[in-house]
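If you want the building blocks of each chain, they are given just below.
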Amino acid sequence: MNELCQLQRKDILQVEGYWCISINDEGDTQMLKSVSSKRVIPIHEKLIELGFIDYVSDSATTPNSMIFPDLKLLNERYSHT
């Protein structure tokens, strides 16, 4: 859950023409449970149809902007909220 809550705009990217989520620990407040948790996941077509990519573009104005800015960091996790 926290891996999704901590997503930044830069983590939504196209790989070989497919929209994907990059789960990583590259941001200052991003963390993973283990090294093997780092991965790239294709975004389901239904989420794209529902406007997820547009939401990301509209809500996160810079590459390091949080996708879910209302979630606050608590005990090193965003998923507590």
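As a starting point, this report considers the structure included with it.

Side note on the overall build of the protein
Okay, so step 1: The helix and strand tally for the protein stands at 3 helices and 3 strands.
Okay, so step 2: Compactness check: the protein gives a C-alpha radius of gyration of 12 Å against a globular reference of 12 Å for 81 residues, within 12% of the reference.
Okay, so step 3: Here the protein holds 81 residues, and the buried ones make up 33% of them.
Okay, so step 4: Summarising the internal contacts of the protein: among those between residues at least 6 apart in sequence, 44% fall at separations of at least 24.
Okay, so step 5: Approximately 5,600 Å² of the protein is accessible, and the part contributed by carbon and sulfur atoms is 54%.
Okay, so step 6: Here the protein carries 8 positive and 12 negative side-chain charges, and the mean point of each set is 5 Å from the other.

Looking at the pairing of strand β2 (residues 18-23)
Okay, so step 1: Relative to β2, strand β1 (residues 12-15) is paired through 4 bridges, and the arrangement is antiparallel. Opposite Q14, over in β2, you have W19 as the bridge partner.
Okay, so step 2: As consecutive antiparallel partners, β1 and β2 are separated by 2 residues, and within that stretch E16 has a phi angle of approximately 50°, a positive value.
Okay, so step 3: As paired strands, β2 and strand β3 (residues 39-42) are joined by 4 bridges and run antiparallel to one another. Paired with I23 across the two strands is R39, which belongs to β3.

A look at the sheet that holds β1
Okay, so step 1: Taken in spatial order, the 3 strands of this open sheet run β1-β2-β3, and their pairing is antiparallel. Both outer strands of the open sheet, β1 and β3, are each paired with one neighbouring strand and no more. Neighbour to neighbour, the strand axes of the sheet diverge by 45° on average, direction disregarded.

As for helix α3 (residues 52-59)
Okay, so step 1: Buried within α3 we find F52, I53 and V56. Projected down its long axis, α3 carries its buried residues within an arc of 105°, all on one side. Turned more than 90 degrees from where α3 packs its buried face, D54 and D58 sit exposed.
Okay, so step 2: Check the buried side of α3 and you find it contacts β1, β2 and α2 (45-49).

Definitions and limits used
Residues numbered from 1 in each chain as written. Predicted model: local features only at pLDDT ≥ 70, side-chain atom pairs only at ≥ 80, totals over all residues. Heavy atoms only, no water. Helix = DSSP H or I, 4+ residues; strand = E, 2+ residues; numbered from the N terminus. Rg over C-alpha atoms; globule rule 2.2 N^0.38 Å. Buried < 20%, exposed > 50% of the residue type's maximum accessible area, 1.4 Å probe, protein only. Contact = heavy atoms within 4.5 Å. Areas by Shrake-Rupley, 256 points an atom, 1.4 Å probe, with all protein chains shown as cover. Lys, Arg positive; Asp, Glu negative; His and termini not counted. Charge placed at Lys NZ, Arg CZ, Asp CG, Glu CD. Pairing = 2+ DSSP bridges. Axes fitted to C-alpha atoms, helices over the stretch in contact; angles between N-to-C directions. Arc of directions from axis to C-beta.

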